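# Coordinate analysis (summary)
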Amino acid sequence: MTRPASPALERLRAIIRENVPRHLGSYLQHLARASVVAGGVVAAGCSTSHFPPGEELVGPTCVDGQWRALGGVRPAPDYDSVARYAARGFAPVGGPAELLGEECRAASNRDACEASVQELTQSTWGNYFFTTRGDELRVHQSEDEVLALLGGSIDTPDEALLRVWHAGYSITCDDLARTGVREVADGFEVIATQTGGGCGSPVIVSRYLFFVGRDGAMTELSREEIERHEDWGCEGRRPEGLLPVGADVPADPVGRWFASMARLEQSAVDAFHGVADELGAHGAPAALIAAARVAADDEVRHHEAMSRLARRFGAAPIPAEIVPHPVRPLYAIALENAVEGCIRETYGALAAYRQAYAATDAEVAAAMADIAADEARHAELSWEIAAWIEPRLTDAERAELAIARARAFAELRAEAETEPDAAVVERAGVPDAKTALALLDHLAATIFA
Ligand SMILES: [Fe+2]
Ligand SMILES: [Fe+2]
């Protein structure tokens, strides 16, 4: 008997069915235009005096920029593992944000235990803790369950932060204006942030000051807006076997950007022919295969356009070197499609639309407008390919795919944090880091949600 699909998968399918094939292109276009028209970030003052100054605060316990709170927590019973799972706007999230011990270490049937862990954590939403002990698996999600897990009382700064995190606020490492704790009578004062808005209204980051009692009671003492993005926050499909760029990289930043885009567009030609061949080998509908061939032809044009622009900015297009691979199993195809298509091409289309509106160079703007429309269709095709393959996979494989998509999104977001060269932002309209992150977060809250 097959288990029913997870709520996440049901939701994804509903989004595919209802929105993506028909509306994705116009949605992305609207979003990109809004990011240019509204522009900029309105910085709010941080001068309100209700918030304790940084020198009175301690920050969260962090290792390499990652919050590591569980080390200081002494849960009452001895669990084999204690994990912290975080909703990240692309929920449910695959792996834990933090894990102490080893999940299923003492289970009588380890495979069954791991499958249950995956099923439970994939179908649980929000911020929660998850423990294993022998064959016992537990989600700790209510306030009482969390307080019990923390030993029945809030005794340390990290426990106070965990209490606030569990209530849905963000913990930031190494920034006491955003996250800090000080001990006061009967408990702790905690500063944490929350991001709200989006979906047509501004994205607003607020910081909060809470009192967290030793009994776990949490009271908001103060709040203030610290960031407002009137703004909403590239890359296409890369085939398996694409080799890294060699040593000869063009010097001019704008030329370099187009030279490397030429490489990606060229590799996308290969990627789509590969997709068409593999879909054919697996008996996919002719319409899907034909759409992949059309997409390959689009990518030939994109390659030509990007090569032309690279040369105009004094750079030779960087060639794509690809090692061919035989037809792969459906799961491998689905995995590549999830990462390169559903995530990266969807964002690639949005970024291209954004460039079409924001580029000050008219030739670039015109080229990107053409590319954006094609990329939106490619993104739609990815979701259609996913909709055909996924029912043919096992439940475990589908769960893995959801994790892969979440990881791909996290990776893309990490890449977007790198600030592009100012000339690339201006002339080519490439979103700066702040815009790219806002666009991605908006996608996370809508299409990828
Ligand atoms: Fe392309
Ligand atoms: Fe594409």
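Note that the structure is predicted; figures quoted are calculated from it, not measured. (Residues numbered from 1 in each chain as written. Chains lettered and ligands numbered in written order. Predicted model: local features only at pLDDT ≥ 70, side-chain atom pairs only at ≥ 80, totals over all residues.)

## Quick look at the sheet that holds strand S7 (residues 136–140)
Reading across the sheet, the 4 strands line up as S5-S4-S6-S7 and stay open at both edges, with antiparallel pairing between neighbours. Both edges of this open sheet fall to strand S5 (98–101) and S7, since each of them pairs with a single strand only. Strand-to-strand twist in this sheet, taken as the mean axis angle between neighbours without regard to direction, amounts to 10°. One ladder, built from 5 bridges, connects strand S6 (residues 128–133) with S7; its direction is antiparallel. Considered in S7, the bridge of Thr 131 is made with Arg 138. (Pairing = 2+ DSSP bridges. Helix = DSSP H or I, 4+ residues; strand = E, 2+ residues; numbered from the N terminus. Axes fitted to C-alpha atoms, helices over the stretch in contact; angles between N-to-C directions.)

## Let's talk about helix H7 (residues 286–312)
The end-to-end C-alpha separation of H7 is 40 Å, in line with the 39 Å expected for 27 residues at 1.5 Å each. Three or more residues of H7 are buried, namely Ala 291, Ala 292, Ala 295, Asp 298, Glu 299, His 302, His 303, Ala 305, Met 306, Ser 307, Leu 309 and Ala 310. Those residues of H7 that are buried are in contact with helix H6 (253–281) and helix H9 (362–389). At the exit of H7 stands Gly 314, carrying a positive phi of roughly 80°. (Expected span 1.5 Å × (residues − 1). Buried ≥ 20, exposed ≤ 12 C-beta atoms within 10 Å, placed from the backbone. Contact = placed C-beta atoms within 7 Å.)

## Describing the environment of Tyr 169
With respect to the element layout, Tyr 169 can be found in the loop between helix H5 (157–166) and strand S8 (180–184). The buried category is assigned to Tyr 169, around which 22 C-beta atoms lie within 10 Å. Along the backbone, Tyr 169 and Ile 191 are 22 residues apart, and their C-alpha atoms lie at a distance of 9.4 Å. Contacts of Tyr 169, omitting those with residues within four sequence positions, involve Val 164, Ala 192, Thr 193, Gln 194 and Tyr 208.

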